[in-house]
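A look at the structure
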Amino acid sequence: NGLNGSRMAHQLPGAGPHRFWGFSPPYDVREAATVPSGEDAAPHSTLLLCAGDARHILHTIARARAKEGPDAERELEFAVYEDTPEALARHLLLLSIALDFELPRRERAEIFLEVFANVVLRERTAAYVGARAQELKRLLARDEGPLAPFIDLSALKMKQKDALEEVVGTWLEGVPFDVVRMRDERLRAFYGERYENRRNVLDWDYSMGLVETAPVIHRVHFREWRMSGVAFELRDAAYDSPNRSLASSAAGRQRGASVLKRGFWGDVVNSPYSALGIECDDTRFFGKRSDQHVKTACDVAYYNVVGWFHRLETGKPFSVKQEDFEDFAYGSSVGAGWQKGFLRSDQPGPRPLAQIEEVGADDEEEEEEEEE
């Protein structure tokens, strides 16, 4: 239940009382179905308990839309339970970004990953989150907006809807949230006397634990996220706006009284790469050259998210052409010797991602027919 989920988070050092991402890769929930299937079967209903984010929902509906996996024609229903309004509101935000088809899918994928994992955002992304917040306020107050046809809030009590609306209201531009200072306070509390030597501590954590279980997570990316809270960094951009969707309140004591303190109470130890960047359906992303991975967790996460959006929009499976595979990478990738900022036009290296063509299985068949 939610209480046990909260206790589990407290038992994981550095995890904090609020989980904004999960500890496992995306899962197609239809794989666990034990009820009759077929077009005439009842909708496939799934209860998600404290999943932390919307990855399982997006992964499942994207594959179903592309006719991948079991019961592709069957309707899907998800009941989502989170033990805090902040986590539940984040589900709505991530779904809102994923289904914003007015944005090109690559730009949308960049924004999605940025909002999903980074404590600080680009200014334009922060403005975008503020605009999404306005749409979500309409959804919660009047059941209107782009998500209204897909979201049923009738199971929520009025008090719970008010709590969600209050959370979403804190995402608007101009709402104070000094996340850099608040995260640093969390780091100082976690490391204690080791704070000044935290780089050595996290290097030890990577070498003695993470590299064996998820070697596709690059040391540089892991270190950068543990130090600064930035997991996905794009094209030498300035990340100076707070990610207000990571603000939350936690119970504590102040001068002998019980209080709720607003701050950053998310994870500072277990990276968001485990939720999106350690598994995908293309084994090429885990290949090695000279005993070094040719891709990183950033690239895997980017591939997964672009793939979801491609399937949702086109209804076709997603793949990257072999001739484009080497250049398919998230902007901050250091894989294959690339340095941060390699996508700038004044720097040598692979061509810009906008020129890389993404294809579905049907597209490849059409090309073969044209050649004939």
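Above this text you will find the structure in question.
Residues numbered from 1 in each chain as written. Predicted model: local features only at pLDDT ≥ 70, side-chain atom pairs only at ≥ 80, totals over all residues. Heavy atoms only, no water.

Take the overall build of the protein next. Looking only at helices and strands, the protein features 13 helices and 10 strands. Counting only contacts in the protein whose residues sit at least 6 apart along the sequence, the fraction spanning at least 24 positions is 74%. Accessible area for the protein stands at about 18100 Å²; split by element, carbon and sulfur atoms hold 49% of it. (Helix = DSSP H or I, 4+ residues; strand = E, 2+ residues; numbered from the N terminus. Contact = heavy atoms within 4.5 Å. Areas by Shrake-Rupley, 256 points an atom, 1.4 Å probe, with all protein chains shown as cover.)

What characterises a pair of aromatic rings is the spacing of the ring centres plus the angle enclosed by the ring planes. Counted under the stated rule, the structure contains 16 aromatic pairs. Here the aromatic rings of Y206 and F222 are separated by 5.7 Å at their centres, their planes lie at 40 degrees, and the arrangement is tilted. One end of the pair, Y206, is in helix α8 (residues 198–213); the other, F222, is in helix α9 (residues 219–228), with 16 residues separating them in the sequence. For F222, a relative accessible area of 5% translates into the label buried. On the basis of an interplanar angle of 90 degrees and a centroid distance of 6.1 Å, the ring pair of F285 and F328 is categorised as edge-to-face. Residue F285 is found in the loop between α10 (273–276) and β7 (288–289), and its partner F328 is found in the loop between α12 (322–325) and β10 (358–359); the two are separated by 43 residues along the sequence. (Phe/Tyr/Trp six-rings, centres within 6.5 Å; stacked < 30°, edge-to-face > 60°. Buried < 20%, exposed > 50% of the residue type's maximum accessible area, 1.4 Å probe, protein only.)

Where helix α3 (residues 85–98) contacts helix α5 (residues 123–142), the axes come no closer than 10 Å and their chain directions differ by 110 degrees. Relative to α5, α3 is oriented roughly perpendicular. Considering the relative orientation of α3 and α5, their crossing is right-handed. Contacts between α3 and α5 involve L92, L93, S96 and I97 from the first element and Y128, V129, R132, L136, L139 and L140 from the second. Here the contact of α3 with α5 is built from residues that sort into 8 nonpolar, 1 polar and 1 charged. (Axes fitted to C-alpha atoms, helices over the stretch in contact; angles between N-to-C directions. Parallel < 35°, antiparallel > 145°, perpendicular 65-115°, else oblique. Left-handed = near helix turned anticlockwise from the far one by under 90°. Nonpolar A, V, L, I, M, F, W, Y, C, P; charged D, E, K, R; others polar.)

This next bit is on the pattern of salt bridges. One pass over the full model with this rule turns up 20 salt bridges. Salt-bridge contacts for D178 lead to R181; the nearest nitrogen and oxygen are separated by 3.3 Å. Between R284 and D282 there is a salt bridge whose closest N-O contact spans 2.7 Å. Where salt bridges share partners, they join D28, R30, E31 and R63 into one cluster. (Salt bridge = Lys/Arg side-chain N within 4 Å of Asp/Glu carboxyl O.)

The next point concerns the side chain of R311. Mapped onto the elements, R311 comes out in helix α11 (residues 297–314). At 3.2 Å, the side chain of R311 and the side chain of D281 are in polar contact. Leaving out residues up to four positions away in the same chain, R311 has contacts with A62, R63, R65, A66, E68, D281, K316, P317 and F318. (Polar contact = N/O pair within 3.5 Å; in protein donor to acceptor, adjacent residues only side chain to side chain.)

Looking now at the nonpolar core. The biggest cluster of nonpolar side chains holds 89 residues, and the ones touching the most others in it are F112, L113, W171, F232 and L276. Once residues within four sequence positions are removed from consideration, L276 is found in contact with P26, R55, F112, L113, F116, V300, A301, N304, V305 and W308. (Core = buried A, V, L, I, M, F, W, Y, C linked by side-chain atoms within 4.5 Å.)

A separate point is the layout of surface pockets. If you roll a probe as big as a water molecule over the atoms, it shows you where there is empty space left. By volume, the largest pocket amounts to about 1500 Å³. Taken together, 48 residues make up the lining of the largest pocket; nearest its centre are F78, L95, F150, I151 and D152. There is about 470 Å³ of room inside the second largest pocket. Along its surface, the second largest pocket is lined by 22 residues, and E86, S248, S249, A250 and L260 are the ones closest to its centre. Every element with two or more residues in the lining of the second largest pocket is listed here: α1 (2–11), α3, α6 (158–169), β5 (247–254) and β6 (257–264). The element best represented in the lining of the second largest pocket is β5, accounting for 6 residues. Split into classes, the residues belonging to the lining of the second largest pocket amount to 9 nonpolar, 8 polar and 5 charged. (1 Å grid on protein atoms, 1.4 Å probe; cavity = no way out; pocket = protein on both sides within 12 Å on 5 of 7 lines; lining within 4 Å. Points joined across faces, edges and corners; volume = space filled by probe spheres on them.)

Sheet topology places strand β1 (residues 44–49) next to strand β2 (residues 76–81); 6 bridges connect them, and they run parallel. When the bridges of β2 are listed, L48 appears paired with V80. Crossover handedness for the path β1 to helix α2 (residues 55–65) to β2: right-handed. (Pairing = 2+ DSSP bridges. Right-handed = clockwise from strand over helix to strand, strands pointing away.)

Phi at K67 takes a positive value of approximately 60 degrees, unusual for a residue other than glycine. Mapping K67 onto the fold places it in the loop between α2 and β2. The phi torsion at D143 lies on the positive side, around 55 degrees, for a residue other than glycine. Residue position: D143 is located in the loop between α5 and α6. For D143, a relative accessible area of 47% corresponds to the partly exposed category.

Our next topic: α8. For α8, spanning 16 residues, the distance from its first C-alpha to its last is 22 Å, which sits close to the expected 22 Å at 1.5 Å a residue. What α8 keeps buried is the set R198, V201, L202, D203, Y206 and L210. Looking at the buried positions of α8, the neighbouring elements they touch are α7 (179–191) and α9. (Expected span 1.5 Å × (residues − 1).)

Here we come to the environment of E77. When you line up the elements, E77 lands in strand β2. Note on E77: relative accessible area 41%, which makes it partly exposed. Taking the C-alpha atoms as reference points, E77 and P43, separated by 34 residues in sequence, lie 6.4 Å from one another. For E77, the contacting residues outside a window of four places in its chain are P43, H44, S45 and T46.

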